[in-house]
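Listed below, chain by chain, are the residues.
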Amino acid sequence: QVQLVESGGGLVQAGGSLRLSCAASGSISSIDTMSWYRQAPGKQRELVALATSSGNTNYADSVKGRFAISRDNAKRTVYLQMNSLKPEDTAVYYCQYHSGRDKYDYWGQGTQVTVAS
């Protein structure tokens, strides 16, 4: 059974930093894209950042220049470094792994990030 386990969330003051991690356990035949999503109360889940297996990255406009996604394929882990955090970054953050071979998207359980003003 595949599990994605996130860590690193918490409470931080505006302007601070957090680093989220997401590690996979279980059997995944291939991991193509690793992504971070977030969902704030009363809002839809939105894509924050993604990293492809070829090394390309993409970011939501709202986090460009502040967040950085990276991946360690050997550890099957994806990271999200979040700097200059703003109260509007407050949300539950989810990692997602897309496996083209499995034709499936795996999701983590979410980790809360709260940015106090």
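Preceding this section is the structure that the text describes.
Residues numbered from 1 in each chain as written. Predicted model: local features only at pLDDT ≥ 70, side-chain atom pairs only at ≥ 80, totals over all residues. Heavy atoms only, no water.

A. Looking closely at the overall build of the protein chain. Secondary structure assignment for the protein chain yields 0 helices and 11 strands. Reading the protein chain from its N end, one meets helices and strands in the order β-β-β-β-β-β-β-β-β-β-β. Against the 2.2 N^0.38 benchmark of 13 Å for 117 residues, the protein chain shows a C-alpha radius of gyration of 14 Å, consistent with a compact globule. Referenced to the eigenvectors of the C-alpha coordinate spread, the extents of the protein chain come out at roughly 45 × 25 × 25 Å. Across the 117 residues of the protein chain, 41% fall into the buried class. Here the analysis covers contacts within the protein chain between residues at least 6 apart in sequence; of these, 55% occur between residues at least 24 apart. (Helix = DSSP H or I, 4+ residues; strand = E, 2+ residues; numbered from the N terminus. Rg over C-alpha atoms; globule rule 2.2 N^0.38 Å. Buried < 20%, exposed > 50% of the residue type's maximum accessible area, 1.4 Å probe, protein only. Contact = heavy atoms within 4.5 Å.)

B. Highlighting the packing of aromatic side chains. Counted under the stated rule, the structure contains 2 aromatic pairs. Here tyrosine 104 and tyrosine 106 contribute two aromatic rings whose centre-to-centre distance is 4.8 Å and whose plane-to-plane angle is 65 degrees, an arrangement assigned as edge-to-face. A relative accessible area of 47% means that tyrosine 104 is categorised as partly exposed. For arginine 19, the ring lying beneath its charged end belongs to tyrosine 79, and the centroid distance is 4.1 Å. Residue placement shows arginine 45 over the ring face of tryptophan 107; its charged tip is 4.8 Å from the ring centre. (Phe/Tyr/Trp six-rings, centres within 6.5 Å; stacked < 30°, edge-to-face > 60°. Lys NZ or Arg CZ within 6 Å of the ring centre and 35° of its normal.)

C. Seen up close, the state of the cysteines. Under the counting rule described, the total for this entry stands at 1 disulfide. Cysteine 22 shares a disulfide with cysteine 95; S-S distance 2.0 Å. Measuring handedness by torsion sign, the sulfur bridge of cysteine 22 and cysteine 95 sits at about 55 degrees and is right-handed. Residue cysteine 22 is located in strand E3 (residues 18-25), and its partner cysteine 95 is located in strand E9 (residues 91-99); the two are separated by 73 residues in the primary sequence. Cysteine 95 carries the same exposure label as cysteine 22, and that label is buried. (Disulfide = S-S within 2.5 Å.)

D. Focus on the side chain of threonine 77. On the secondary structure map, threonine 77 appears in strand E8 (residues 77-82). Judged by relative accessible area, which is 7%, threonine 77 ranks as buried. Within the local environment of threonine 77, its side chain forms a polar contact with the backbone oxygen of lysine 75, the two atoms lying 2.9 Å apart. Sequence-distant contacts of threonine 77, that is, excluding residues within four places in its chain, are made with Cys22, Ala23, Met34, Ser70, Arg71, Asp72 and Tyr97. (Polar contact = N/O pair within 3.5 Å; in protein donor to acceptor, adjacent residues only side chain to side chain.)

E. Region of the structure containing unusual backbone geometry. Positive phi outside glycine occurs at serine 84, with the angle close to 50 degrees. Among the secondary structure elements, serine 84 is positioned in the loop between E8 and E9. Phi is positive for lysine 103, which is not a glycine, with a value near 55 degrees. Here lysine 103 shows up in the loop between E9 and strand E10 (104-107).

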